[in-house]
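# Observations on the three-dimensional arrangement
If you want the building blocks of each chain, they are given just below.
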Amino acid sequence: MGSRGLQPLLLVLLDCWASGSAQAGATSAVTTEGFNSAEPAATTLWPALSPGPPETPRAPRPSSGPRPTPVTDVAALCVCDLSPARCDVNCCCDPDCSSMDFSVFSACSVPVVTGDRQFCSQKAALYSLNFTADPPQRVFKLVDQINPSIFCIHITNHKPALSFINPEVPDENNFDKLMKTSDGFSSTAESDISLTTKLDAPSAAKYEYGAHLQTSDSFLRFPSPLTSSLCTDDNPAAFLVNQAVKCTRRINLEQCEEIEALSMAYYSSPKILRVPNSKTEVPITVQSVVIQSLNKTLTRREDTAVLKQALAEVGDIRICSNVVLEVQYSLTYTDAGDVTKAAVSLLLGTVSSAVVPFQQKFEIRFIQDACQLPVALAVEVEWTKYGSLLNPQARIVNVTARLIASAFPETSSGSERTVLISTAVTFVDVSAPAEAGFRAQPTINAKLPFNFFFPFV
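Thresholds applied
- Think of each chain on its own: its residues are numbered from 1, step by step along the sequence as written.
- Selection of residues for local features in this predicted model requires a pLDDT of at least 70, selection of side-chain atom pairs for listing and counting requires 80 or more, and totals for whole chains, interfaces and linings are taken over all residues.
- Heavy atoms throughout the structure, all of them, feed into the side-chain values; hydrogens and water do not.
- Think of it this way: any DSSP run of H or I at least four residues long counts as a helix, any run of E at least two long counts as a strand, and we number them from the N terminus.
- Exposure categories follow from relative accessible area, calculated using a 1.4 Å probe and restricted to protein chains: below 20% of the type maximum is buried, above 50% is exposed, and the middle band is partly exposed.
- Surface accessibility follows the Shrake-Rupley procedure with a 1.4 Å probe radius. Residue values consider only the protein chains on display as shielding.
- The pLDDT value expresses, per residue, how confident the predictor is, ranging between 0 and 100.
- Working rule for contacts: check all heavy atoms of both residues, and any pair within 4.5 Å makes them a contact.
- Throughout, a disulfide means two cysteine sulfur atoms within 2.5 Å of one another.

## Some remarks on the overall build of the chain
Scanning the chain for helices and strands turns up 5 helices and 17 strands. Here the chain, with 457 residues, has 28% of them falling under the buried criterion. With an accessible surface of roughly 30,700 Å², the chain has 56% of that area assigned to carbon and sulfur atoms.

## Considerations on the confidence of the model for the chain
In regions of low pLDDT, the predicted coordinates are not meant to be interpreted in detail. The predicted model of the chain has a mean per-residue pLDDT of 76, with 73% of residues at 70 or higher. Confidence, read as mean pLDDT per element, is least for helix H1 (residues 3-31) in the chain (37) and greatest for strand E7 (residues 271-273) (94). Counting contacts from residues 1-65, a segment whose pLDDT is below 50, to residues more than four positions away or on other chains yields 68 contacts. Note that pLDDT drops below 50 for residues 184-203; the model gives that stretch 11 contacts with residues more than four away or on any other chain.

## So, the state of the cysteines
What the rule picks out here adds up to 7 disulfides. Covalent S-S linkage joins Cys-87 and Cys-97, the inter-sulfur distance amounting to 2.0 Å. Between Cys-87 and Cys-97 the sulfur-sulfur dihedral comes to about 95 degrees; the bridge is accordingly right-handed. Of this pair, Cys-87 sits in the loop between H1 and helix H2 (99-102) while Cys-97 is found in the loop between H1 and H2, placing the two residues 10 residues apart along the sequence. By relative accessible area, which is 27% here, Cys-87 ends up partly exposed. Judged by its relative accessible area of 10%, Cys-97 is buried. Here Cys-92 connects covalently by a disulfide to Cys-108, the sulfurs 2.0 Å from one another. The disulfide joining Cys-92 to Cys-108 has a torsion of about -90 degrees about its S-S bond and is therefore left-handed.

Here you go:
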């Protein structure tokens, strides 16, 4: 094949390469989350080529331009803003929506907008609707969100690693080099599709042992002593992990009214998600509130309304009342991994400058809803007296084990109950008696002469 045939073939392959790269680039820009968006490389449809005299070399095609500057401000991000210059229904972050539009919304379709979840600390934009106002209003809050994972990014010293590099567009000059560094034309598109499928796969809709208990804005915080005896408030509560800890709280008494970790609402206001990543919320019910005075006298309140800390002066001593000293969580779950109920019992007390720093106690317990406990094991053994011709002896044919469970009503924490456990083993003879066998009766293959019944027929 001469040089005349090589050039048209090369140009056709280049056209296929450019089209495949443009399609693959567009797929990545649409489906990949958490990275900089990209514009697909501009492509020009070349006319069909026919064999002819060699043409003059074409100028190199322009490479893809720079990608747009990434939007890192979560307050400016809005994934539900789909219509340009128009307000999208229930999209509380849509800049095209006015206060009149917000007044007719039923809910915020995207209540939380966060940046890259790999970082240890990041900003989160929270959107909600205040239906008590007249007319209803949108509520926007910008908070700091803590990543509970120990494998998070604390400092980014190489920011280009968080985005895709600009792809090199093939032309007549770099075609051979790209062919050597790639595995072919179809691998890019297929790999993008498979990667997208894996990223978009839904997560398990149930809590598993040790999973963080999610709330509407983050996770249920369970203060604990980690590296020292001081309380660490960003420790997450884990599903089915019962804990009881004590830690030391060091505070400035003058600021006790502003410290969230001392307030009753900090532990009773979060709403736990029934299953991970769901919209069904389980509120935390305040079961009891006990007040402890300076002389350690305990008084149980009839009312479970939320109390706020109050700073006061008693003589020459400054005290802060209604400070949380003990927190006891009680969560009810099902076999399917759902959280159905959540309750908290609180001990509030008074703290003076003489007892700072002071100690707090936290406890969390899981009680299964309509607890199913195994109470009986039934084993059935089927056997026969006759074995095979090669091993003619008694043998076991089948063994069936059944675990029988019974439901027990929910009991209070710390109570005891006696449960009777039984085990039964049954042997069933399935021997089949021998049956007499006969050979098949012989068949008579006889033919009569065609005129045997003459003259009657």
